[in-house]
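Here's the letter readout for the chains.
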Amino acid sequence: MECAAKGSSSVAGRCIGAATRRCGQCGAVAYCSTSHQVSHWSEHKEECERLEQQMRRVDVLHDFPFTFSMEATVQICEKRRSRCSFLMDRCLHKVGMWKYECNCSGSSSFSYSRVDDEWSLPSDSCPCCEPVIPISIQLRCWKDYYKWRSLPLHSPIALLLHWPLTMYHSILLAEKRPASEFCGKFHIHYLGPERELLQLAVFAELQALFPGLQIHIELIGPAIPKSRDGEKIDLCSYCHCLESGCTCNSASGKASQVSSNDKISTVTLKLHRGFYHDRCKDIVKELIKEMDVPAVFSDYCEEAAHLAASCISTVTGCPLTIPIQLNPFRQPMAVEDSALLLPCYANCFLFGI
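Residues numbered from 1 in each chain as written. Predicted model: local features only at pLDDT ≥ 70, side-chain atom pairs only at ≥ 80, totals over all residues. Heavy atoms only, no water.

Draft legend 1. Spatial organisation of the overall build of the protein. The helix and strand inventory of the protein stands at 11 helices and nine strands. Within the span of the protein, comprising 353 residues, buried residues form 49% of the whole. For the protein, the proportion of contacts with a sequence separation of at least 24, taken over those separated by at least 6, is 72%. Within the structure as shown, the protein displays about 17200 Å² of accessible surface, and the carbon and sulfur contribution to it stands at 52%. (Helix = DSSP H or I, 4+ residues; strand = E, 2+ residues; numbered from the N terminus. Buried < 20%, exposed > 50% of the residue type's maximum accessible area, 1.4 Å probe, protein only. Contact = heavy atoms within 4.5 Å. Areas by Shrake-Rupley, 256 points an atom, 1.4 Å probe, with all protein chains shown as cover.)

Right, here's the structure in full:
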C-alpha cells in the first residue's frame, strides 16, 4: 500500500520506500518513514480517532456465514490468498461472469452477451430458475437468502449477487415497507456503474426478490461506452447453470419468467453514458428536495462512507435519513490492495438522504 502522506501538502520530499510504518494509535494507515509520519500528523490527527474506532470493528466486517469466509476475508487481507487463487480453486477463474472478479482477465471493455450469462456452476449451487418457494419474509442477511434459495453455504454466488441484493436491501431501507407491498412498476436511477456493467445478467435475480414487479433501471455513468449509450436490455430469464438438462437451459426456461401470482416479473436496463448531472439536468436536487424521492449510496469502507456522506449532505443541504450502516449483503470477498489497512468490501456500507 502507499504511504498515507503521499501527495500531501504538509510533507516535503518523495516517499523513500514501501509504507511499512503503521500509525501506532489507529493502525489503519502506514508511512514510508518516520519523517513523513510526523509531518502528516497535522492532517491525520483529525481522522485518527475515528479510524481507531473503525478498526475495533474489523471482526464484524469479516463476519459471513460461508464455508469459504476465512479464505475470502482474513486470508486475502493478509495476502495469504488472492482473488485469482480463490477462483482457481473453484474452476471459476476467467470463466463467464467470474472473469471480471480479478484483474488478470486482460479485458476491461464493456460487452453484454448471453455468453457471459452463466454461473458456470451446477444447478444445485446457483439460482438459475424460479425459487421453489416464493419470497415471504424480508431477507436480512446472506444466510436468509441462501436458505430461501436452497443453496449450500459453499456456493460462491454471493460474490456476484451482491449487486442485486444490495439494491434489494437499499430499496427496503428507503421505502420502509416490505417488498410484498410493492406492485406495478418501480423506476430506479443507478449512478456510476463500473464493474457491474460486465455482470449485468445478475440483476435478473430482482425478478425473484420482487415478484410481479416491473423494474426499470437507468444506469448512468462515464464507464458506459459511446457505442452502448441509449441501449436497452431486457432481463427476462435468470443466469443459467452448467447442466444442459436443467430447465434454465431449455426453451421454456429461457422465456419470460412468471411469478407465483401469475404476474410477469421483468427487469429492464437502459444505459446512459456520462455524468448524472449532465444527463439528468438538476435531477438530484429536484428529486431529493422537491419530490422527496430517497437516494441510497454505498461505499467500500466506513471511512469512505463518512467522507462521502459529509460531502453529499453539504452539497444538497439534506441531512442523512438513513445513517451510515454495514450492508449485510456486501460482497463477501475483501478488496485487494486498498488505500487503508481497514478491511474493505464492495458495497460495504450504506447511507441515504
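Draft legend 2. Up close: helix H1 (residues 34–55). The terminal C-alpha atoms of H1, which comprises 22 residues, lie only 22 Å apart, well short of the 32 Å expected from a rise of 1.5 Å per residue. At His-44, H1 is deflected by roughly 70°, the largest bend along its length. What H1 keeps buried is the set His-36, Gln-37, His-40, His-44, Cys-48, Leu-51, Gln-54 and Met-55. (Expected span 1.5 Å × (residues − 1). Bend = angle between axes of the 7 residues up to and from the residue.)

Draft legend 3. Inspection of the pattern of salt bridges at higher detail. Taken as a whole, this structure holds 13 salt bridges when the rule is applied. Across the pair Arg-228 and Glu-231 runs a salt bridge, and its minimum N-O distance is 2.4 Å. By sharing partners, the salt bridges in this structure join Glu-71, Arg-81, Asp-89 and Arg-90 into a single network. (Salt bridge = Lys/Arg side-chain N within 4 Å of Asp/Glu carboxyl O.)

Draft legend 4. Structural context of the sheet that holds strand E8 (residues 322–326). The three strands are arranged E7-E9-E8 in an open sheet whose pairing can be described as antiparallel. Both outer strands of the open sheet, strand E7 (296–299) and E8, are each paired with one neighbouring strand and no more. Along the sheet, successive strands turn relative to each other by an average axial angle of 15°, direction set aside. Pairing of E8 with strand E9 (residues 349–352), which is carried by three bridges, proceeds in the antiparallel orientation. (Pairing = 2+ DSSP bridges. Axes fitted to C-alpha atoms, helices over the stretch in contact; angles between N-to-C directions.)

Draft legend 5. Local environment of the confidence of the model for the protein. On average, residues of the protein carry a pLDDT of 87, and 89% of them reach 70 or more. Taking the mean pLDDT of every element in the protein, the minimum, 48, falls on helix H10 (residues 283–290) and the maximum, 98, on helix H6 (residues 142–148). Every residue in residues 255–263 is under pLDDT 50, and counting partners more than four places away or in other chains gives 19 contacts. Segment residues 282–288: pLDDT under 50, and 15 contacts once partners within four positions in sequence are set aside and those in other chains are kept. (pLDDT = per-residue confidence, 0-100.)

Draft legend 6. Local environment of the sheet that holds strand E3 (residues 185–191). Sheet architecture is open: four strands sit in the order E3-E4-E6-E5, paired in mixed fashion. Looking at which strands have only one partner, the edges of the open sheet turn out to be E3 and strand E5 (232–235). Across the sheet, the mean angle separating the axes of adjacent strands is 20° when strand polarity is ignored. Along the sheet, helix H7 (residues 158–175) makes contact with E3 and strand E4 (214–221), crossing E3 at roughly 115°.

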